Amino acid sequence: MAEEYLPHLWISDEEVEKLDKIPRGFSEDRGLDFREHGEVLSTGLRNIMEAYDHLASNSLSDEDIVIFKLVLPEGEDIYAERKIAEKEGLKINAIKDKRHAVVSASKSMFGRLQKRVGTYKGSGSLKHFQYVDEFMPYTADDKEAGSLKKYLEQEKDRMSVDVQMMFVPNLDPDVQERAAGRLIEKIDSLEGQHARKRYNLADGTAVIRADLPIKDMRSITDDPAIYRVEQTSFFQLSPSAVTNLVSQDMQLDPSVNIDDLPVVVVVDSGVIFPDEYSALVPVHWKASGVSGSATTPHGTEVASKVAFQHIGMQLTNQYLTPRAKIIDCDVYGADKGVAPDEMSQRIEEAVVAFHDVAQIFNLSSNTEVAIEGDELSMMGYQLDSLMRKYGVKFVISAGNHELAKNASNLEEILDDTDARISEPADAMLGITVGAVAGVDAVNAFSKANEPTAYTRIGPGFAGYYKPDLVAYGANIDMSLHTIQDPYAFVMLPDGRVGMDAGTSFTAPVVAGDLAKISTLMPDNDVLMAQAVLYNGAQQIWDAKKITKEDAVYMGNIYGRGLSA
């Protein structure tokens, strides 16, 4: 693969594998015994109806809909073979992975499906059924996140658990509304319990947050309207660890016309620039429900990276040169942690408020738990929905971990599954950014161009490469102290600069890069700017004679490379 140069705008060389295209149609015979295979399919359909008959909670019992799982054989692709579902009147509500989809049908179409599978079993006609491996009930076991199952196993003495229950996507809005009402009534009927909140994601999909008694949880999560159940994980800002504070009295470069600078929306804890730089933050906004002032300078630090990239490289200059303006969207206020239901609504409110004037949104907030990757996280799903609906682009921090506290070298950290990216860095349409060290230093965890000891890495959802890019960030030493280098410096509200570490401060570097490129694109097209950004990324690893395994490894550490 290394010997053949395959130029791609969106996909780096290491991610490309040449495959021979083998056209195939439904008429091709897979060589199955149609009687045996037909019986498997018929049994699956019977099991689906039997499962419906035994549900403790069925908010769809009065609705003309049946929801179940469609499974294709190994090597097949749900999206490519979606005409199978279309032919049988099935609606693909959600694709779980290449082979598995959650589908729905009216009760009459489900009855028709049963009869047509019977025809296939009896005569071998309707050959497209060869490309269905199974029809299966969609059960609570399919819906509950692995981390939730692990928690329930470890915390057997707990009485209840705070969960988020996401409805099956793409339900008819009226059907979803009625089902949500019934499910909330069911939850509220449980002894001493109530649904905390019901809200909708950007595409209209409902989510209910509730405290559920562990003994009764399956009676709720088995409901056919529910698609995904996760334990509620709060969004938190990395605690400020600013060191080596120094004063600087630099003025903004007078040759830069601030009015002409591109705009980046910083969705964070609030931005306070010193008076002499205040023109760079023309808009300050708080989301509904946000009160008080930030207890951390996090938002200001992040915004300084958007506006000035690497301040440490400008400290000896006569002037400080800005490259972007900031719209300050405060979604934290005095809160140190925000529940996902509140965060989801606050972020959407920010996008609705500013998508007409800005296309680039920086989000340097993550949960503390690594993704599982078998399902897109709810916030990852929400960000993707917002990006599709409003034509914006989120630049997202990969997240941080503390594995360096118990590790003796970088390899140990990178091999740990707990180093995987955290929600919402798995958003497929977002630009997820990790951190690499910019310089060598004595006693450092990482050499120049190696991942920092705190950055999270891939793979992302369904094994896709994440992060998408990396940027230079602060390096740390074996004692976990930030090492002084040009990439470590951030600005504080009082105008002083200091050093801080985290992917919170590499994501805004890329957000500013994207904003700068967008000014060169026709109509400031952010998707074209993203393509140029990706195409210009620097490979900071040795790509000579790289094996497929090495390419995958590098892709899940560096993505497409260093934002240049």
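Conventions we followed
- Residues numbered from 1 in each chain as written.
- Predicted model: local features only at pLDDT ≥ 70, side-chain atom pairs only at ≥ 80, totals over all residues.
- Heavy atoms only, no water.
- Helix = DSSP H or I, 4+ residues; strand = E, 2+ residues; numbered from the N terminus.
- Rg over C-alpha atoms; globule rule 2.2 N^0.38 Å.
- Buried < 20%, exposed > 50% of the residue type's maximum accessible area, 1.4 Å probe, protein only.
- Contact = heavy atoms within 4.5 Å.
- Lys, Arg positive; Asp, Glu negative; His and termini not counted.
- Charge placed at Lys NZ, Arg CZ, Asp CG, Glu CD.
- Core = buried A, V, L, I, M, F, W, Y, C linked by side-chain atoms within 4.5 Å.
- Polar contact = N/O pair within 3.5 Å; in protein donor to acceptor, adjacent residues only side chain to side chain.
- Pairing = 2+ DSSP bridges.
- Axes fitted to C-alpha atoms, helices over the stretch in contact; angles between N-to-C directions.
- Phe/Tyr/Trp six-rings, centres within 6.5 Å; stacked < 30°, edge-to-face > 60°.
- Salt bridge = Lys/Arg side-chain N within 4 Å of Asp/Glu carboxyl O.
- Expected span 1.5 Å × (residues − 1).
- Patch = residues over 30% accessible without salt bridge, like charges linked within 9 Å, V, L, I, M, F, W, Y side chains within 5 Å.
- Areas by Shrake-Rupley, 256 points an atom, 1.4 Å probe, with all protein chains shown as cover.
- Right-handed = clockwise from strand over helix to strand, strands pointing away.

Student: Lay out the overall build of the protein with the relevant residues and their values.
Tutor: Along its length, the protein carries 14 helices and 22 strands. For a compact globule of 564 residues, the expected C-alpha radius of gyration is about 24 Å, and the protein comes in at 26 Å, within 12% of that figure. With the C-alpha coordinates of the protein rotated into their principal frame, the extents come out at 85 × 65 × 50 Å. Buried residues in the protein amount to 55% of all 564 residues. A separation of at least 24 residues holds for 78% of the contacts in the protein among residues at least 6 apart in sequence. Averaging the coordinates of the 55 positive side-chain charges in the protein and doing the same for the 87 negative ones gives two points 6 Å apart.

Student: For the nonpolar core, give the residues involved together with the corresponding values.
Tutor: Counting residues in each nonpolar core, the largest one holds 71 residues, and the members touching the most others are Phe 273, Leu 280, Phe 308, Val 395 and Ile 431. In terms of residues, this core owes the most to one element, helix H12 (residues 507-518), which gives seven residues. If sequence neighbours within four positions are ignored, Leu 280 has contacts with Leu 252, Ile 258, Leu 261, Phe 273, Phe 308, Pro 322, Ala 324, Lys 325 and Ile 326. Grouped together as the second largest cluster of nonpolar side chains are 65 residues, Leu 45, Ile 84, Val 117 and Ile 220 included.

Student: Describe the environment of His 37, and please don't skip the residues or the numbers.
Tutor: Turning to its location among the elements, His 37 is positioned in helix H1 (residues 34-53). Between the C-alpha atoms of His 37 and Glu 134, which are 97 residues apart in sequence, the distance is 9.0 Å. When sequence neighbours within four positions are dropped, the list of residues in contact with His 37 reads Leu 32, Tyr 120, Phe 129, Gln 130, Val 132 and Asp 133. Side-chain polar atoms of His 37 contact the backbone oxygen of Val 132, separated by 2.8 Å.

Student: So what's going on with the sheet that holds strand S2 (residues 91-95)? Residues and values would help.
Tutor: If you walk across this open sheet you meet the four strands as S2-S3-S1-S4, and the pairing is antiparallel. The sheet is open, and its two edges are formed by S2 and strand S4 (134-136), each paired on a single side. Each strand of the sheet is rotated relative to its neighbour by a mean of 35°, with strand direction disregarded. Sheet topology note: the strand S1 (residues 66-71)/S4 ladder contains three bridges and is antiparallel. Considered in S4, the bridge of Val 71 is made with Glu 134.

Student: Can you explain the sheet that holds strand S22 (residues 497-499)? Please cite residues and give values.
Tutor: Across the sheet, three strands lie side by side as S10-S22-S21; this open sheet has antiparallel pairing. The open sheet has two edge strands, strand S10 (243-246) and strand S21 (489-491), and neither has a second partner. The mean angle between the axes of side-by-side strands here comes to 25°, regardless of whether they run parallel or antiparallel. Bridge analysis of S10 against S22 gives two bridges, and the strand direction is antiparallel. Following the sheet pairing, Thr 243 is matched in S22 by Met 499.

Student: How would you summarise the packing of aromatic side chains if you had to cite specific residues and measurements?
Tutor: Tallying each qualifying case throughout the model produces ten aromatic pairs. Judged by centre distance (5.7 Å) and plane angle (85°), the rings of Trp 285 and Phe 354 are edge-to-face. Linking Trp 285 in strand S13 (residues 283-286) with Phe 354 in helix H9 (residues 340-354), this pair joins segments that are 69 residues apart in sequence. Look at Trp 285 and you get buried, because its relative accessible area is 16%. On the basis of relative accessible area, Phe 354 is assigned to the buried category, the value being 10%.

Student: Please set out the pattern of salt bridges residue by residue, giving values where relevant.
Tutor: Charged atoms that come close allow side chains of opposite charge to pair. All told, the structure shown has 28 salt bridges when counted by the stated rule. The partner of Arg 99 in a salt bridge is Glu 74, and the shortest N-O contact between them spans 3.2 Å. Linking Arg 99 in the loop between S2 and strand S3 (100-105) with Glu 74 in the loop between S1 and helix H2 (82-87), this pair joins segments that are 25 residues apart in sequence. Judged by its relative accessible area of 65%, Glu 74 is exposed. Across the pair Arg 196 and Asp 211 runs a salt bridge whose closest N-O atoms are separated by 3.0 Å. Of this pair, Arg 196 sits in strand S6 (residues 195-200) while Asp 211 sits in strand S7 (residues 206-213), and the two are 15 residues apart along the sequence.

Student: Which residues make up H9, and what values do they have?
Tutor: With 15 residues, H9 should cover 21 Å at 1.5 Å per step; its first-to-last C-alpha distance of 21 Å lies within 8% of that length. Taken residue by residue, H9 has Pro 340, Asp 341, Met 343, Ser 344, Arg 346, Ile 347, Glu 348, Ala 350, Val 351 and Phe 354 as its buried positions.

Student: Describe the environment of Lys 466, and please don't skip the residues or the numbers.
Tutor: Considering the arrangement of structural elements, one finds Lys 466 in the loop between strand S19 (431-437) and strand S20 (469-473). Sequence separation of Lys 466 and Met 428 is 38 residues, and the distance between their C-alpha atoms is 9.1 Å. Beyond its immediate chain neighbours, meaning those up to four positions away, Lys 466 contacts Ile 421, Ala 425, Asp 426, Ala 427, Met 428, Gly 430, Thr 432, Ile 457, Gly 458, Gly 460, Gly 555 and Asn 556.

Student: An account of the side chain of Ser 344 is requested, with residue identities and associated values reported.
Tutor: Relative to the helices and strands, Ser 344 resides in helix H9. Exposure remark for Ser 344: the relative accessible area of 2% places this residue in the buried category. A polar contact is formed between the side chain of Ser 344 and the side chain of Gln 382, at a distance of 3.0 Å. When residues no more than four places from it in sequence are discounted, the contact partners of Ser 344 are Tyr 199, Leu 201, Met 379 and Gln 382.

Student: Explain a nonpolar patch on the surface to me, using residue names and the numbers behind them.
Tutor: Judged by side-chain polarity, Met 428, Leu 429 and Tyr 464 come together as a nonpolar surface patch covering roughly 250 Å² of accessible area. As for its position among the elements, Leu 429 is in the loop between helix H11 (410-414) and S19. Residue class for Leu 429 comes out partly exposed when judged on its relative accessible area of 30%.

Student: Which residues make up the pairing of strand S18 (residues 393-397), and what values go with them?
Tutor: In terms of burial, S18 is largely enclosed, as five of its five residues are buried. Because side chains alternate across S18, one face comprises the buried residues Lys 393, Val 395 and Ser 397, and the other comprises Phe 394 and Ile 396, equally buried. Pairing between strand S17 (residues 360-363) and S18: four bridges, direction parallel. Counted as the bridge partner of Asn 362 is Val 395 from S18. Crossover S17 to S18 through helix H10 (residues 378-390) is right-handed. Where S18 and S19 come together, three bridges link them in parallel fashion.

Just geometry here; none of it tells us what the structure is for.
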